[in-house]
Amino acid sequence: MNRVQKIERIRVDDLTSLQHLFGDLDRNLDWLEEDYGVRLGLRRDHLVLTGNPDAVDRIARRLRDFGRLAEVGKAPTLDDLRTAVELDFDGQDAKDVKETLEGRHTLIFDRKTVSPKGAGQQAYVRAIRESSLTFGIGPAGTGKTYLAVACAMDALLRKQVKRIVLARPAVEAGESLGFLPGDLYEKINPYLRPLYDALYDIIDMEKAQRLLQRGTIEVAPIAYMRGRTLNDSFVILDEAQNTTNDQMKMLLTRLGFHSKAVITGDITQIDLPRGKISGLIAAERVLGGLPGIEFVHLSDRDVVRHPLVRVIIEAYRLSEEEGRLS
């Protein structure tokens, strides 16, 4: 039985200002065919879309929206188009798509601009900005840590907070801390490296070092948080899937006045001893649905690393579902 297909034609004259999106031989739009099964072709003076009626309607609508934006001086990128289409397919309303097109969640720093990619990252950044406590849960490469650090730096530079506290559990992922050379700090420091990497990528290393030396930015294992009250702070707990229930409760109850926290983690990569319940999983069961607390689940569609990372994540997920790894 043949599936119903729709053909939509868009005048090329209406898209002249968007030619930079298409690339040589329209290669930049190949992802539309791959992800949504919509074929695109140039027929004289029209761009022709063929495929599932719903997909054709949504994509044609977004292309026309971008054409109108370009006409009034905005220069949307291919990433903007992908994000807008994904938001549409993920059931986001017109307001969300409008915010995406206007770059409302873009973070601008001296050395670079950070823009959330895809519907999941857009929702994640929005939640961080609007909520006191946000949980970002998803696989590697989805920008959980990087976007959290970017939002923290943005809040610090806008004087919304007075300091940033970056914490991580020092849990052994198949290797033993005891056999590493050096003192306790030197043994723990490699676990905190991803937080430094994100920080140094967003702001100048010299400026970051000054903020670290003054204590305006603090990077520490979660154990160092015990007994403290964190006022006027932006707190990030990274790799939270490797916290115990007690550690998670301890960290969350450190929040003081005018503070915000972001908890990130990947529940498919838990390195706790067998039988220990992840504090991240427990937190969603206990806190899900409470006011002021947002849980944002990112997926392989939000991966912004090498394209193979998305393929690898999906392959492992299918293998686990089929029981081939047990």
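None of the values given here were measured: they were computed from a predicted structure.

On to the packing of helix α10 (residues 245–252) against helix α11 (residues 279–287), then. Where α10 meets α11, the closest approach of the two axes is 8 Å, and the angle between their N-to-C directions is 60 degrees. Crossing handedness for the pair α10 and α11: right-handed. The segment α10 lies against α11, with N245, M248 and L252 engaging G279, L280, A282, A283 and L287. Classifying every residue of the contact of α10 with α11 by side-chain character gives six nonpolar, two polar and no charged.

This structure, assessed with the given rule, holds two aromatic pairs. Between F135 and F295, the aromatic rings sit 4.3 Å apart at their centres with planes inclined by 10 degrees, giving stacked as the arrangement. On the criterion of sequence distance, the pair formed by F135 in strand β6 (residues 133–137) and F295 in strand β11 (residues 293–297) is long-range, its members being 160 residues apart.

This paragraph deals with the sheet that holds strand β2 (residues 39–43). Sheet strands pair by backbone hydrogen bonding; their relative direction is either parallel or antiparallel. Pairing within the open sheet is antiparallel, and its three strands lie in the order β1-β3-β2. Each edge of the sheet is formed by a strand with only one pairing partner; in this case those strands are β1 (6–11) and β2. Within this sheet the neighbouring strands show an average axis-to-axis angle of 25 degrees, counted without direction.

Let us look at the nonpolar core. Ranked by size, the top nonpolar core spans 37 residues in total, and within it M153, I217 and F234 carry the most contacts. Sorting the residues of this core by element identifies α6 (118–130), α7 (144–157), β7 (163–168), α8 (184–202), α9 (205–214), β8 (217–221) and β9 (233–237) as the ones contributing at least two each. By residue number, the principal contributor to this core is α7, which donates nine residues. Excluding its chain neighbours within four sequence positions, the residues that come into contact with I217 are M153, L156, I164, L166, L199, L211 and L212. Membership of the second largest hydrophobic core comes to 23 residues, among which are M225, L237, A283 and L287.

Moving on, we get to the pairing of strand β3 (residues 46–51). On any regular strand, side chains alternate: one points to one face of the sheet, the next to the other face. Across the six residues that make up β3, a large majority, five, are buried. Of the pairings in the sheet, the one linking β1 to β3 comprises six bridges and is antiparallel in character. Across the sheet, K6 pairs through a bridge with G51, a residue of β3. In terms of strand pairing, β2 meets β3 through five bridges, oriented antiparallel. Bridge pairing links G41 to V48 in β3. Taking the residues that link successive antiparallel strands as the turn, the β2-β3 hairpin has two residues, and the phi of R44 there is positive, at about 55 degrees.

What counts, and at which threshold
Residues numbered from 1 in each chain as written. Predicted model: local features only at pLDDT ≥ 70, side-chain atom pairs only at ≥ 80, totals over all residues. Heavy atoms only, no water. Axes fitted to C-alpha atoms, helices over the stretch in contact; angles between N-to-C directions. Helix = DSSP H or I, 4+ residues; strand = E, 2+ residues; numbered from the N terminus. Left-handed = near helix turned anticlockwise from the far one by under 90°. Contact = heavy atoms within 4.5 Å. Nonpolar A, V, L, I, M, F, W, Y, C, P; charged D, E, K, R; others polar. Phe/Tyr/Trp six-rings, centres within 6.5 Å; stacked < 30°, edge-to-face > 60°. Pairing = 2+ DSSP bridges. Core = buried A, V, L, I, M, F, W, Y, C linked by side-chain atoms within 4.5 Å. Buried < 20%, exposed > 50% of the residue type's maximum accessible area, 1.4 Å probe, protein only.

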